[in-house]
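# What the coordinates show
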Number of protein chains: 2
Amino acid sequence: MVYSVLLLGALVAAPAFGQTFRRTAACPKLGCVFPPDQTDFIAGQTFDLRIEVQAPVNGSEAYNNGQPDNNFSLKIGGQGGNLVDASEFFGLTDPTVEKYNFTYYEDLFAEEAHAPTPVNVLAKSYRNLQLHNPGTYDVVLTYNNGDTTTATWTVAPLAESKKAKNVIFFVGDGMASSMLSAARLLGHKTINGKYQSKLKVDEAPGFGAQMTHSLDSFITDSANSASALFSGKKMTVNGLNAYTDSTGKGVGNAKVETIFEMFRRIEGGQVGVVSKAYIADATPAAVCTHTSQRSQYAAIIDQYLSGIAGNWFPWAGLDLLFGGGAENFLPTSANGNISQFDRWGSEGYQVGYTKTELEAFDNAQRALAIFTQGNISTWLDKNIYPDTLDLAITPQGERGAYDQPGLKDMTLKAIDILHTRAKERNTGFMLMSEAALIDKEMHVLDIDRALGEVLELDDTVRATLEHLEEIGELEDTLVVITADHAHGFDVFGSTDTKFLQEQNSDRAKRGAVGTYLNSGLSAYQVPQDVLANNHTIFPSPQGDGFPVTWDPRYTIAHGWAATPDHREDYAVNKDHERLPAVKNTTGYFFNPEDNNRGFAMTGNLGTGEAQGVHSLVDVPVYAFGPGHELFRGVMNSPDLAFKVALALDLGRSSNVTAGYKK
Amino acid sequence: MVYSVLLLGALVAAPAFGQTFRRTAACPKLGCVFPPDQTDFIAGQTFDLRIEVQAPVNGSEAYNNGQPDNNFSLKIGGQGGNLVDASEFFGLTDPTVEKYNFTYYEDLFAEEAHAPTPVNVLAKSYRNLQLHNPGTYDVVLTYNNGDTTTATWTVAPLAESKKAKNVIFFVGDGMASSMLSAARLLGHKTINGKYQSKLKVDEAPGFGAQMTHSLDSFITDSANSASALFSGKKMTVNGLNAYTDSTGKGVGNAKVETIFEMFRRIEGGQVGVVSKAYIADATPAAVCTHTSQRSQYAAIIDQYLSGIAGNWFPWAGLDLLFGGGAENFLPTSANGNISQFDRWGSEGYQVGYTKTELEAFDNAQRALAIFTQGNISTWLDKNIYPDTLDLAITPQGERGAYDQPGLKDMTLKAIDILHTRAKERNTGFMLMSEAALIDKEMHVLDIDRALGEVLELDDTVRATLEHLEEIGELEDTLVVITADHAHGFDVFGSTDTKFLQEQNSDRAKRGAVGTYLNSGLSAYQVPQDVLANNHTIFPSPQGDGFPVTWDPRYTIAHGWAATPDHREDYAVNKDHERLPAVKNTTGYFFNPEDNNRGFAMTGNLGTGEAQGVHSLVDVPVYAFGPGHELFRGVMNSPDLAFKVALALDLGRSSNVTAGYKK
């Protein structure tokens with residue numbers, strides 16, 4: 001039945017499908033309901049409800065000369081029962097009607113012709129709602145002369161028991177399975193086809209895969225995919241726990257509460273955020289902030305500390321925030337010339353700028369530590385090519401951020417602070433720790449730096465489990481490791497870099513690639529002083545789980561599904577991160593300075609793209625600890641939020657707010 | 001300890017690592033033991049043991065002017081106990097010594113200079129052995145003046161109970177997770193980020209991933225990867241349940257028994273093989289044949305029927321064999337001018353050449369059905385573009401093989417025959433069913449044909465589970481679905497094919513690709529009569545789980561990690577399979593006839609490669625039925641054979657041969 005109704009919808013509103021630029025996300029008809037049809041809720045999860053009634057002036061969906069009908073209504077009720085007016089159902093006064101217009105392009109031809117379609121809109125938002133009874137609800141918007149848009153919502157059953165006290169959620173940003181296979185090849189050794197050691201995540205007793213697609217597009221960005229993981233709701237690209245409406249504005253969109261926010265609100269639990277990216281970036285922001293525009297960095301920093309005033313529940317600030325991106329904390333016109341460092345300090349946070357200061361933090365106090373402008377340096381730069389740190393920028397804007405932590409340093413210190421504070425308050429803790437630079441390095445096709453980050457994440461997972469055992473929290477802590485999306489990538493052989501460099505044409509250089517039998521074994525695990533290679537690192541300065549050398553003669557031959565024009569020499573970039581393409585007047589072309597001993601490959605992305613892009617493939621899910629068995633098999637990204645909520649027993653049949661002690 | 005010993009070995013024999021062309025597979029030192037160090041066995045699994053002592057005349061490992069020491073010995077025993085001479089241990093007379101030489105190239109420079117390294121060899125083979133006691137064994141070869149090569153072997157514990165009576169093992173050849181994600185996108189529909197139906201394999205209660213790498217290279221071919229799945233032993237590229245020795249010959253290599261052979265030998269069970277490829281291809285051949293050279297098609301067909309005479313246990317022929325490749329059954333000089341059709345017929349097999357004849361087979365009799373020369377036609381050709389069947393060749397060599405079955409037809413009939421015969425004999429059955437053309441189509445970058453095969457496999461799994469329930473075998477049948485290796489591939493957006501075709505330059509055409517938000521939703525699920533497109537298929541002639549159209553305006557933008565030069569127009573190839581590159585005097589270049597509305601992309605493979613190649617990423621594992629819980633988490637490919645053996649209770653503490661009734 002649902003299927004045939006849908007086909008009918010498609011017949012009417014077909015241009016909203018396919019790549020066609022959409023009129024409004026998750027709104028195939030002219031009446032929009034957010035959260036849309038098919039949304040699942042945790043019992044007691046807070047959300048906003050927004051409706052829109054649209055009337056395009058022209059184009060394939062033109063309605064009534066662009067005049068939406070003023071007479072529209074919203075009713076809601078348990079499926080099969082009576083529907084009542086939404087204001088009555090939620091016990092609210094009826095919201096005021098917003099009235100505005102926007103424009104959009106129907107397709108590339110319309111865009112090329114600068115022929116937008118204007119749309120007039122009437123809208124209403126209902127704020128700060130909860131549904132407490134598990135079951136199915138129908139939400140019916142009647143509009144434009146009797147047309148209806150129905151959203152069917154489901155509230156998940158309550159947990160039967162609480163499985164875990166604490167949750168640590170690791171995100172390898174952009175980490176596809178192919179990168180884990182490649183990282184294993186570099187960091188571990190086989191004898192006759194059997195690995196002598198493996199990745200820590202390879203041992204996870206909970207193993208699954210999750211579909212990362214977006215609400216209204218099959219390729220996601222990191223904002224909407226992390227929101228799905230943390231709130232259980234798919235979003236539109238760039239959306240952070242807020243449904244992109246037609247206003248074109250980042251604020252005011254319909255919000256949904258995350259599992260981190262629920263944990264704090266319901267249990268008064270400790271919540272920490274760690275990332276190697278600039279800390280206003282999408283994945284950390286998805287822990288507890290709400291905007292349809294991930295680029296609103298000032299608002300995100302503000303929400304970390306103060307939440308959203310007025311139309312949302314109170315938020316007393318994260319317990320800790322460690323990462324990069326000092327530029328968003330310094331006084332600028334974008335944030336009203338406020339030093340967020342000073343502001344957080346005056347709110348009682350310890351503030352630090354170096355690894356040394358991080359380690360000296362009092363574990364009983366809340367803490368803010370920002371180590372660089374931009375992203376924290378990669379594991380490869382910090383550990384193998386430290387001269388590159390001359391280029392890194394300190395929070396204060398100086399060149400040479402030498403005293404930076406790695407992901408392991410930040411994560412273990414975060415656990416110590418959260419554990420100490422949670423114990424004192426008799427609560428649990430939740431930590432989100434992001435290996436953010438996997439994604440950044442995949443975007444610029446810098447595979448060695450990306451795989452260094454994958455191995456650092458795995459090393460951090462190993463150290464985290466060991467540390468949890470040391471502090472007596474292992475049995476009570478669910479540890480989940482997943483990615484928010486993939487990059488299309490794989491290893492397909494090896495390259496004799498010496499042979500490649502000695503060839504004189506692009507086509508001859510390709511002859512250095514060995515496939516199948518001639519891929520051979522991983523040369524990254526062979527001490528280099530026995531090979532014809534001047535770059536010797538032996539024994540490994542990093543110990544188990546990392547390459548003995550990053551610069552062997554025989555390297556991995558690898559490729560991407562989506563690239564700009566670029567060159568490949570399949571050798572590590574020792575001096576700095578790759579920059580595959582540079583812009584000229586007609587778009588991005590091969591960067592002649594990048595991989596210049598290699599051969600040229602034309603890209604398959606639009607020439608406005610400087611970098612690779614995200615991809616479709618399901619990403620892996622690993623889980624250790626109590627509740628790990630929930631994370632098995634093929635899942636959808638929102639399922640992870642529900643599984644964490646189940647393990648922590650976050651569902652509530654009434655509106656609960658516990659006291660949280662700063 | 002193992003690690004430091006190994007490093008020492010690496011220091012001595014470093015050129016055997018990396019892409020360097022290897023002297024002999026799995027033999028880093030000059031003394032070789034096959035099966036090599038780190039091999040695991042099922043208790044009672046039959047195998048050959050071969051040793052070689054090598055002396056290179058020159059090169060980096062030159063030894064004693066190329067004269068191997070005649071004085072070498074092989075001892076074996078339980079780890080920590082006394083080692084005894086191998087002949088004594090196995091109760092055999094000492095094998096005769098083989099003496100020969102071979103040559104190899106140390107690297108690409110040596111190959112380019114035509115400077116091979118000659119090696120003299122002494123060798124011995126011990127045939128038809130078994131180890132019956134679980135535990136660890138040391139096998140020590142002493143040679144060349146006291147040097148030693150030690151292989152440590154482990155015999156796995158016996159099963160505590162028998163979980164399954166029957167096993168159906170599906171192989172999606174070359175099927176990476178990325179292709180399943182893409183197939184799901186084409187064949188199923190989302191509403192607001194939630195799939196309304198999913199792949200059948202998405203429901204598997206057993207879910208894992210397996211590492212496909214080879215014995216001595218990190219990229220595998222389909223022979224050695226299928227051998228790992230079916231025998232529990234990694235092989236060298238091109239090896240079918242036989243270790244590639246230094247003779248350069250396909251026969252005589254050290255063999256290992258597969259789980260299908262064990263099942264037949266120990267239980268007298270029914271064994272069937274189904275594939276959409278020519279049936280002498282690597283994956284079906286890995287069920288029960290033994291050669292280090294997968295291209296020995298005549299020998300493979302012969303072994304299906306008669307096994308290996310002389311130095312291996314008796315084999316009374318497969319119970320059924322369904323696939324393509326009639327050319328290997330017709331009389332030719334390669335097979336001694338024997339019609340294998342006649343020969344199998346005279347051995348009591350029903351022989352058929354069409355789907356109609358397949359369906360008419362008596363379920364109580366053994367059967368051979370070969371439907372085409374070469375591969376069976378793809379699902380897309382047969383079901384969507386049937387005019388292409390004019391090009392397909394019947395077993396008898398005529399154009400137009402119209403009466404071909406699909407994978408589902410062959411698999412369900414195979415189950416009926418195996419089930420009927422097993423019931424009459426009070427045994428179980430094992431079936432290997434291969435979706436072989438996923439790989440063939442990925443090699444030629446024909447993504448639509450490849451994804452059609454993935455969806456056909458999923459449809460076959462669904463029908464198989466339903467049919468098992470109908471015939472009362474569901475509770476007794478373990479169903480495993482996996483791949484033998486991957487291709488590096490992913491979807492990264494959508495393409496407006498109409499816009500692309502109307503642009504006049506390669507760079508402008510790339511502007512038709514929409515990423516992230518502009519990927520939109522799957523257009524393959526939208527009835528096409530509402531789009532600006534003349535190709536209308538509505539309603540779907542295939543029903544649930546397949547696209548409504550294969551030719552939407554907005555198609556998947558996708559790419560490969562490894563390609564020859566090729567063009568991309570991102571539209572389905574209606575007339576025939578893709579041929580991306582064609583050869584000229586200096587290698588493979590863009591085929592001007594292929595995807596000629598598209599833009600050109602330079603490849604990254606050696607210019608001698610006409611096609612894409614296999615890749616590294618772990619492949620998914622799905623399991624249904626009794627024992628499914630064994631197939632969870634990250635595994636190595638040989639582990640699957642051990643898990644099947646555990647579910648079927650195949651381990652034996654003595655040499656067992658049951659009577660098998662034809």
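See the structure shown above.
This report concerns the structure included in the present document. For clarity, every value in this text was computed on a predicted model and none was experimentally measured. (Residues numbered from 1 in each chain as written. Chains lettered and ligands numbered in written order. Predicted model: local features only at pLDDT ≥ 70, side-chain atom pairs only at ≥ 80, totals over all residues. Heavy atoms only, no water.)

### Things to note about the sheet that holds strand β24 (residues 513–514) of chain A
Residue and element names in this part refer to chain A. To keep things clear, this is the line we draw: Following DSSP output, two strands are said to pair if at least two bridges run between them. Strands here are runs of E lasting at least two residues and helices are runs of H or I lasting at least four, both read from the DSSP assignment and numbered beginning at the N terminus. Contact between two residues is taken to exist if any of their heavy atoms lie within 4.5 Å; hydrogens are not considered. Only the stretch in contact is used when fitting a helix axis, every axis being a line fitted to C-alpha atoms; angles between N-to-C directions are given from 0 to 180 degrees.
The sheet built from three strands is open, its strands ordered β24-β23-β25 with antiparallel pairing. The open sheet has two edge strands, β24 and β25 (554–560), and neither has a second partner. Strand contacts of helix α4 (residues 177–187): β23 (489–496) and β25, with the helix running at about 30° to β23, the strand carrying the most contacts.

### So, the pattern of salt bridges
Two side chains that carry opposite charge are able to pair once their charged atoms sit near each other. The line we're drawing: Any Lys or Arg side-chain nitrogen found within 4 Å of a carboxyl oxygen on Asp or Glu counts as a salt bridge. Buried means the residue's accessible area, taken with a 1.4 Å probe over protein chains only, is under 20% of the maximum for its type, while exposed means over 50%, and partly exposed covers the values in between.
A complete count under the given rule lists 80 salt bridges over all chains for this structure. R184(A) is the partner of D202(A) in a salt bridge, and the nearest nitrogen-oxygen pair spans 2.9 Å. On the criterion of sequence distance, the pair formed by D202(A) in the loop between β12 (194–195) and β13 (206–211) and R184(A) in helix α4 is long-range, its members being 18 residues apart. We note that D202(A), like R184(A), is buried. Put simply, E257(B) and R265(B) hold a salt bridge, and the shortest N to O gap is 2.7 Å. Since its relative accessible area comes to 0%, E257(B) is described here as buried. A relative accessible area of 6% means that R265(B) is categorised as buried.

### Observations regarding the relation of the copies chain B and chain A
For clarity, the cut-off: The copies are overlaid by a least-squares fit using only the C-alpha atoms of residues whose pLDDT is at least 70 in both copies.
Superposition record for chain B on chain A: RMSD 0.0 Å, screw rotation 180°, translation along axis 0.0 Å. Taken together, the rotation angle and the small translation identify this as a two-fold axis.

### Here's the deal with the interface of chain B and chain A
As a reminder of what qualifies: The term buried area means the drop in 1.4 Å probe accessible area that two parts suffer when joined, counted for both and summed. Contacts described as polar in this section are N or O atom pairs within 3.5 Å, which, within protein, must combine one atom able to donate a hydrogen with one able to accept it, while residues neighboring in sequence count only if both atoms come from side chains. Any residue that is not Ala, Val, Leu, Ile, Met, Phe, Trp, Tyr, Cys, Pro, Asp, Glu, Lys or Arg is counted as polar, Gly included; the first ten are nonpolar and the last four charged.
Contact residues are listed per partner, giving 128 residues for chain B and 129 residues for chain A. Interface area, chain B with chain A, both sides summed: about 10,500 Å², of which 62% is carbon and sulfur. Joining chain B to chain A, the criterion identifies 10 salt bridges. As a salt-bridge pair, D107(A) and R553(B) come within 2.8 Å of each other at their nearest N and O atoms. For the pair chain B and chain A, the interface holds 55 residue pairs in polar contact (both at pLDDT 80 or more). Its residues placed into classes, the side of chain B that touches chain A shows 58 nonpolar, 45 polar and 25 charged.

### Thoughts on the packing of aromatic side chains
For any pair of aromatic rings, the description consists of the separation of the ring centres together with the inter-plane angle of the planes. Residue and element names in this part refer to chain B. Applicable threshold: The pairing test for Phe, Tyr and Trp rings, Trp by its six-membered ring, is centres within 6.5 Å, and the orientation test on the planes gives stacked under 30 degrees, edge-to-face over 60, and tilted for anything in between.
Under the definition given, this model contains 45 aromatic pairs over all chains. Between W379 and F546 the ring centres are 4.2 Å apart and the planes differ by 0°, which places this aromatic pair in the stacked class. Here W379 is found in helix α11 (residues 379–383), whereas its partner F546 is found in the loop between β24 (513–514) and β25 (554–560), with 167 residues between them in sequence. Geometrically, the ring pair formed by Y570 and F599 is edge-to-face, given 6.0 Å between the ring centres and 65° between the ring planes. With Y570 in the loop between β26 (566–568) and β27 (581–584) and F599 in strand β29 (residues 599–601), this residue pair connects regions lying 29 residues apart in the sequence. Given a relative accessible area of 3%, Y570 falls into the buried group.

### Description of the state of the cysteines
Residue and element names in this part refer to chain A. Threshold: Disulfides are defined in this document as cysteine sulfur pairs within 2.5 Å.
Summed over the entire model, instances satisfying the criterion amount to two disulfides over all chains. Sulfur-sulfur distance for the disulfide between C27 and C32 comes to 2.3 Å. As the torsion about the S-S bond is roughly -75°, the C27-C32 disulfide counts as left-handed. By relative accessible area, which is 4% here, C27 ends up buried.

### A word on the sheet that holds strand β7 (residues 117–129) of chain B
All names here are of chain B. As summarised here, the arrangement of the four strands in space is β1-β3-β7-β6, forming an open sheet in which the pairing is antiparallel. Looking at the sheet topology across the chains shown, the edges are occupied by β1 (31–34) and β6 (98–104). On average, each strand axis in the sheet is tilted by 25° relative to the strand beside it, whichever way the strands run. Across seven bridges, the pairing between β6 and β7 is antiparallel. Its bridge partner being in β7, Y104 is matched across the sheet by T117.

By themselves, these figures tell us nothing about what the structure is for.
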